[in-house]
Amino acid sequence: MSWCAIGLGSNLGDSRSILAGAIERLRSHSQIELIAVSRWHKTAPIGPPQPDYLNGCATLQTSLEPLDLLNVLHSIEAEFGRVRQEVWGARTLDLDLLLYDDLIIDLPSLQVPHPRMIERAFVLVPLSEIAPDAIEPRSGQSIAILCKQVEI
Ligand code: GSY
């Protein structure tokens, strides 16, 4: 089994119930065991003008390989109406694979750790609630330390 961290965000529609629905999909997947879910944080948008986001993080164990887990995340996004339009635009549901064990993956379709997670308070603050001692393997720093360093 592998350990993973996922980032969740929504700023279109009923974000609270969309995020709760996404968590239920993860919880009910036969190859995923949910470990912890952070609180939902209201955050100011990074990128073009758009509504505030609700962001949070989850940790899980899985027997899925990274690309198979990514496919599961994309199918949950699609189920909740995500249409990939503007790269930095508003979205009903965004699921990011942040960490997968201590792997560093650089594929065109998947980069792990998520390349921008160490500069994003909307990722580090919720992730530090549930996995403060996890190590971001590119920097070698813990999530708690990265969270203290990021500008909020
Ligand atoms: O990268 C995920 C989508 N996204 C977000 C987000 O989830 N939260 C905040 N606060 N700003 C964002 N800008 C984008 S794009």
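Above this note sits the structure.
Residues numbered from 1 in each chain as written. Predicted model: local features only at pLDDT ≥ 70, side-chain atom pairs only at ≥ 80, totals over all residues. Heavy atoms only, no water.

Draft legend 1. Structural context of the overall build of the chain. Secondary structure summary: the chain contains four helices and nine strands in total. If you list the helices and strands of the chain from N to C, you get β-α-β-β-β-α-β-β-β-α-β-β-α. The C-alpha atoms of the chain give a radius of gyration of 14 Å, which matches the 15 Å a tight globule of 152 residues would have. The buried share of the chain, reckoned over its 152 residues, is 50%. The long-range fraction of contacts in the chain, counting pairs at least 24 apart against all pairs at least 6 apart in sequence, stands at 65%. Accessible surface, the chain: about 7,700 Å² in total, of which carbon and sulfur atoms supply 52%. If the 12 positive side-chain charges of the chain are averaged to one point and the 19 negative ones to another, these points end up 6 Å apart. (Helix = DSSP H or I, 4+ residues; strand = E, 2+ residues; numbered from the N terminus. Rg over C-alpha atoms; globule rule 2.2 N^0.38 Å. Buried < 20%, exposed > 50% of the residue type's maximum accessible area, 1.4 Å probe, protein only. Contact = heavy atoms within 4.5 Å. Areas by Shrake-Rupley, 256 points an atom, 1.4 Å probe, with all protein chains shown as cover. Lys, Arg positive; Asp, Glu negative; His and termini not counted. Charge placed at Lys NZ, Arg CZ, Asp CG, Glu CD.)

Draft legend 2. Looking closely at helix 1 (residues 15-28). An ideal rise of 1.5 Å per residue puts 20 Å on 14 residues; helix 1 measures up with 20 Å between its terminal C-alpha atoms. Buried within helix 1 we find Ser15, Ile18, Leu19, Gly21, Ala22, Ile23 and Leu26. In this structure, the buried side of helix 1 is in contact with strand 1 (2-10), strand 2 (32-37), strand 4 (53-62), helix 2 (66-79) and strand 5 (94-100). (Expected span 1.5 Å × (residues − 1).)

Draft legend 3. Helix 2, seen in detail. Over its 14 residues, helix 2 runs 20 Å from end to end, which matches the ideal 20 Å to within 8%, given 1.5 Å per residue. Among all positions of helix 2, only Pro66, Leu69, Leu70, Val72, Leu73, Ile76 and Glu77 are buried. Across the axial projection of helix 2, the buried residues extend over an arc of 155°, all falling on one side. One or two positions beyond helix 2, positive phi appears at Gly81, with a value near 90°. (Arc of directions from axis to C-beta.)

Draft legend 4. How the structure looks around the site of the ligand. Lining the immediate surroundings of the ligand are 11 residues, of which Thr43, Ala44, Ile46, Asn55 and Asp94 lie closest. Considering the ligand on its own, with 360 Å² of exposed area, one finds that the protein chains cover 96% of that surface. (Near = heavy atom within 4 Å.)

Draft legend 5. Molecular detail of the packing of helix 1 against helix 2. One way to put it is that helix 1 packs onto helix 2 with a least axis distance of 10 Å and a crossing angle of 140°. By the angle between their axes, helix 1 is oblique relative to helix 2. Once helix 1 is placed against helix 2, the crossing between them reads as right-handed. On the side of helix 1, the interface is formed by Ala22, Arg25 and Leu26, while helix 2 contributes Leu73, Ile76 and Glu79. (Axes fitted to C-alpha atoms, helices over the stretch in contact; angles between N-to-C directions. Parallel < 35°, antiparallel > 145°, perpendicular 65-115°, else oblique. Left-handed = near helix turned anticlockwise from the far one by under 90°.)

Draft legend 6. Here's a closer look at unusual backbone geometry. Cis peptide bonds are those with omega within 30 degrees of zero, and the linkage from Val112 to Pro113 qualifies with -5°. Here Pro113 is to be found in the loop between strand 7 (110-112) and helix 3 (121-130).

Draft legend 7. Region of interest: the nonpolar core. Among the nonpolar cores identified, the biggest contains 28 residues, and Leu8, Leu69, Ile76, Leu93 and Leu97 are the most heavily contacted of them. Those elements that provide at least two residues to this core are strand 1, helix 1, strand 2, strand 4, helix 2, strand 5 and strand 7. Excluding its chain neighbours within four sequence positions, the residues that come into contact with Leu8 are Leu19, Ala22, Ile23, Trp40, Leu54, Asn55, Gly56, Cys57, Ala58, Asp94 and Leu95. Leu99, Leu124, Leu127 and Ala134 belong to the second largest nonpolar core, which has 16 residues in total. (Core = buried A, V, L, I, M, F, W, Y, C linked by side-chain atoms within 4.5 Å.)

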